[in-house]
Amino acid sequence: MEKLTTRKQYDETKARVEQLIAEATAKGMLEPDMDNDYTREISLLSQQMATYEDEYLNVLPLRQKSPLISTIEDYFYTHGMKQKDGAKLLGVNESQFSQIMSGRRRISMSFAKRLYTKLGINANLILEYA
């Protein structure tokens, strides 16, 4: 992965990402869970831009995702499940599950128990981040 070291390189990379996004969107190749040349190049270039931003622009990071939410997402990803499948498995409706995953709804004790029993998530992780 090439490292960006100048503002000019950063600006050129940003323009390329915007171009790729426009092309991929027009071709219907930027849907969630898609893996293609567009999404791979956008991801690579975005990582380069993020590294440059961290090192040179002092951009404040976005709110960091809870390790518990990341663990839940990892479980569903490795099991090829979508969010609606996760909601069904955990016994909540899709709207509630979406709110939990985005941090807009707190995790209830009964939901925490299901995370432990159905997904096998470490109880200490649940207790610390729920």
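Scope of this entry: the structure provided in the associated data block. (Residues numbered from 1 in each chain as written. Predicted model: local features only at pLDDT ≥ 70, side-chain atom pairs only at ≥ 80, totals over all residues. Heavy atoms only, no water.)

1. Observations regarding the packing of aromatic side chains
What the rule picks out here adds up to five aromatic pairs. When the centroid spacing of 5.0 Å and the interplanar angle of 25° are considered together, the rings of Tyr10 and Tyr52 count as stacked. Here Tyr52 lies in helix α2 (residues 37-57) and Tyr10 lies in helix α1 (residues 7-26), a separation of 42 residues in the sequence. Neither Tyr10 nor Tyr52 differs from the other in exposure class; each is buried. With centroids separated by 5.8 Å and ring planes inclined at 75°, the aromatic side chains of Phe76 and Phe97 adopt a geometry described as edge-to-face. Residue Phe76 is located in helix α3 (residues 67-78), and its partner Phe97 is located in helix α5 (residues 94-101); the two are separated by 21 residues in the primary sequence. (Phe/Tyr/Trp six-rings, centres within 6.5 Å; stacked < 30°, edge-to-face > 60°. Helix = DSSP H or I, 4+ residues; strand = E, 2+ residues; numbered from the N terminus. Buried < 20%, exposed > 50% of the residue type's maximum accessible area, 1.4 Å probe, protein only.)

2. Observations regarding the side chain of Asn36
Summarising the element assignment, Asn36 is placed in the loop between α1 and α2. From its side chain, Asn36 meets the backbone nitrogen of Tyr38 in a polar contact 2.9 Å long. (Polar contact = N/O pair within 3.5 Å; in protein donor to acceptor, adjacent residues only side chain to side chain.)

3. Some details on the pattern of salt bridges
Summed over the entire model, instances satisfying the criterion amount to seven salt bridges. Between Lys3 and Glu55 there is a salt bridge, and its shortest N-O distance comes to 3.0 Å. Placement of Lys3 in the segment before α1 and of Glu55 in helix α2 is noted, with a sequence separation of 52 residues between them. Since its relative accessible area comes to 45%, Lys3 is described here as partly exposed. When its relative accessible area of 42% is taken as the criterion, Glu55 is described as partly exposed. A salt bridge links Asp35 to Arg40; the nearest nitrogen and oxygen atoms lie 2.8 Å apart. For Asp35, a relative accessible area of 59% gives the class exposed. (Salt bridge = Lys/Arg side-chain N within 4 Å of Asp/Glu carboxyl O.)

The quantities given are spatial measurements derived from coordinates; they are silent on function.
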